[in-house]
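For reference, the chains in residue letters:
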Amino acid sequence: MNPSFVHCHLHSEFSLTDSTIRLPELVARCAEMGMPAVAVTDNCNLFALVKFFKASENAGIKPIAGAELFFDNGQGGYHRVTALCQNRTGYLNLSKLISRAYLEDHTRETAVIRPEWLSADSEGLILLHGRHSPLLQLITHQSNTDSERRIDQWLSMFPRRTYIEITRLGLTEETAFNARAIAFAERYRLPLLAGNDVRFLDADDYEAHEARVCIASGRVLDDPKRPRETSREQYLKSPEQMAELFHDLPQALSNSVELAKRCTLELSLGTYYLPDFPIPDGYTLDSWIRRQAEDGLTQRIHRHGAAQNRQVQDYTERLRTELDVISGMGFTGYFLIVADFINWGKARGIPVGPGRGSGAGSLVAWSLGITDLDPMRYDLLFERFLNPERVSMPDFDIDFCMDRRDEVIDYVAEKYGRDRVSQIITYGTMAAKAVVRDCGRVLGLSYGFVDSIAKLIPMTLGVSLDDALGLSDAAIKDTSLASAELIARYHSEDEVRDLIDLARKLEDLTRNTGKHAAGVVIAPRPLIEFSPLYAEQVSP
């Protein structure tokens with residue numbers, strides 16, 4: 001059976017401010033519905049990209065990468081378009097656009113793209129123009145010379161890569177817009193695309209989605225003044241449902257399948273990209289690390305002596321063996337880079353730990369000054385840290401003093417280039433107690449009542465609401481995870497049951513971004529050639 005429809009406009013939980021769609025559930029449902037592909041187009045980010053691609057490939061679904069891009073509409077609001085990556089060039093250009101939005105113009109709650117940026121970074125991107133696109137004003141107003149010029153600008157930047165998206169979500173403004181959009185598409189010979197602007201998985205997830213939006217915006221569900229931008233129809237409809245909805249526009253349905261065929265992005269996951277470590281003329285990385293390690297070992301033994309029942313020859317033989325393994329696995333640069341910034345910090349009196357974890361088992365690390373523990377004195381094994389039979393990236397646990405850690409990060413950024421060094425983003429999720437409190441607030445329940453329910457959830461690290469209700473396998477095995485009083489109140493009080501059921505739908509969803517306290521990425525080329533960059537909002 002030939003596929004009949006693909007969702008090309010969809011938000012996942014990584015949009016942060018809306019959507020309750022979890023990636024594993026999304027790809028499983030698409031496979032169940034017989035859809036060959038699906039796009040994830042979160043709000044000006046690609047946070048979900050790697051998890052989305054892995055989950056999709058495991059489910060036999062073709063992943064389509066994209067994002068919803070925002071533009072200033074000049075009236076305090078936003079226009080927006082959906083951008084899909086046609087290929088790797090499109091991915092790199094989308095990464096540039098998103099990065100610029102956060103790094104150069106992130107003074108508002110939502111990062112915005114400037115239209116002029118598109119002229120240089122449009123190749124490989126396909127744009128979907130819907131009700132909220134910059135073309136909206138051009139479509140809904142009478143034609144004039146200026147509007148024709150602006151239309152030509154948009155179409156010339158994306159030749160044969162512009163689609164007009166129409167939705168049928170039951171919104172009041174849709175009927176008039178769709179009529180104009182269809183006429184516009186016919187006039188400029190642009191393909192129509194059926195969409196559903198998906199925000200949640202099932203029709204009965206609408207209330208949970210609205211609660212999520214209220215949590216993000218600080219509103220309550222009963223607030224008559226809160227924006228209501230989502231329809232109950234914005235769930236993941238099946239191809240059959242979409243075919244019924246757009247029975248009069250079969251081409252808009254088939255165009256979604258053809259569009260999916262046009263988008264093919266392959267990611268090189270699991271490949272290590274180590275930055276170039278500067279070495280003196282006349283040396284290679286391997287010859288330089290050998291010299292540094294041998295000189296360092298000589299100094300260490302001179303200062304501390306050899307371990308009991310060990311000879312200097314034992315040290316030199318082990319050093320040679322470790323260096324052969326490090327070189328053979330291609331991690332010479334990694335050791336030199338780590339040794340460089342650790343020794344830079346030590347030379348400036350920045351406190352750093354003596355070594356922690358399996359890395360303390362490396363004699364090369366001790367010789368280079370990465371660690372301060374003699375592994376032969378304590379019979380520590382190098383093979384626990386690095387083993388050619390189990391190829392994985394080495395990982396030193398480095399403990400710099402938090403008060404001066406930023407100095408080390410600045411040194412690394414200056415040495416390798418600020419466009420090649422970045423701290424690592426983290427994602428906060430809605431944990432059991434917190435999501436109960438959040439849901440209680442948006443439901444308008446009293447603080448005392450909600451607090452009494454949240455306190456019934458056990459204090460165990462990582463406990464879930466299903467654990468607390470005794471519904472999970474973990475709670476069956478460990479009864480201390482369940483709360484007898486919470487279970488009783490859940491079954492006897494409607495208000496408690498409504499609160500907990502809503503919280504269970506939102507539990508563990510991604511809710512915000514953060515910055516890893518010490519994790520740093522160093523790349524051999526500008527980071528935007530690998531991934532989009534994110535920066536926190538700054539004051540205008």
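These lines cover the structure that appears in this document, whether it is placed above or below. Predicted, not measured: the structure shown is a model, and the values here were computed from it. (Residues numbered from 1 in each chain as written. Predicted model: local features only at pLDDT ≥ 70, side-chain atom pairs only at ≥ 80, totals over all residues. Heavy atoms only, no water.)

**Some words on the overall build of the chain**
Of regular secondary structure, the chain possesses 20 helices and eight strands. With the principal axes as the frame, the chain shows a C-alpha extent of 85 × 65 × 50 Å. Burial analysis of the chain (540 residues in total) assigns 50% to the buried set. Counting only contacts in the chain whose residues sit at least 6 apart along the sequence, the fraction spanning at least 24 positions is 76%. For the chain, the exposed surface amounts to about 26,200 Å²; the carbon and sulfur share of it is 49%. Considering the chain, the positive charge centre built from 60 side chains and the negative charge centre built from 76 side chains are found 3 Å apart. (Helix = DSSP H or I, 4+ residues; strand = E, 2+ residues; numbered from the N terminus. Buried < 20%, exposed > 50% of the residue type's maximum accessible area, 1.4 Å probe, protein only. Contact = heavy atoms within 4.5 Å. Areas by Shrake-Rupley, 256 points an atom, 1.4 Å probe, with all protein chains shown as cover. Lys, Arg positive; Asp, Glu negative; His and termini not counted. Charge placed at Lys NZ, Arg CZ, Asp CG, Glu CD.)

**Some words on the sheet that holds strand β6 (residues 192-195)**
Hydrogen bonds between backbone groups are what pair the strands of a sheet, and the pairing can be parallel or antiparallel. Sheet architecture is open: six strands sit in the order β1-β2-β3-β4-β5-β6, paired in mixed fashion. The open sheet is flanked by β1 (37-43) and β6, the only strands paired with a single partner. Across the sheet, the mean angle separating the axes of adjacent strands is 35 degrees when strand polarity is ignored. When β1 meets strand β2 (residues 62-72), the two strands line up parallel, connected through seven bridges. Bridging from a neighbouring strand, Ala37 pairs with Lys62 of β2. Lying on the sheet, helix α6 (residues 174-188) is in contact with β5 (162-167) and β6; it crosses β5 at an angle near 155 degrees. (Pairing = 2+ DSSP bridges. Axes fitted to C-alpha atoms, helices over the stretch in contact; angles between N-to-C directions.)

**Here we look at the environment of Arg80**
Tracing the backbone shows Arg80 in strand β3 (residues 78-85). Note: C-alpha distance between Arg80 and Gly130 (50 residues apart in sequence) is 8.2 Å. If near-sequence neighbours (up to four positions away) are discounted, Arg80 is found in contact with Glu68, Leu69, Phe70, Phe71, His132, Ser133 and Pro134.

**Regarding the pairing of β6**
Residues Leu192 and Ala194 point to one face of β6 and Leu193 and Gly195 to the other, with burial holding for every one of them. Across four bridges, β5 lies against β6 in parallel orientation. In the sheet register, Glu165 faces β6, and the bridge partner there is Leu193. Read from β5 through α6 to β6, the crossover connection turns out right-handed. (Right-handed = clockwise from strand over helix to strand, strands pointing away.)

**Observations regarding the packing of aromatic side chains**
Following the criterion strictly, the structure yields 20 aromatic pairs and no others. Centroid distance Tyr334 to Phe335: 6.1 Å. Interplanar angle 80 degrees. Geometry classified as edge-to-face. The two residues Tyr334 and Phe335 agree in class, both being buried. (Phe/Tyr/Trp six-rings, centres within 6.5 Å; stacked < 30°, edge-to-face > 60°.)

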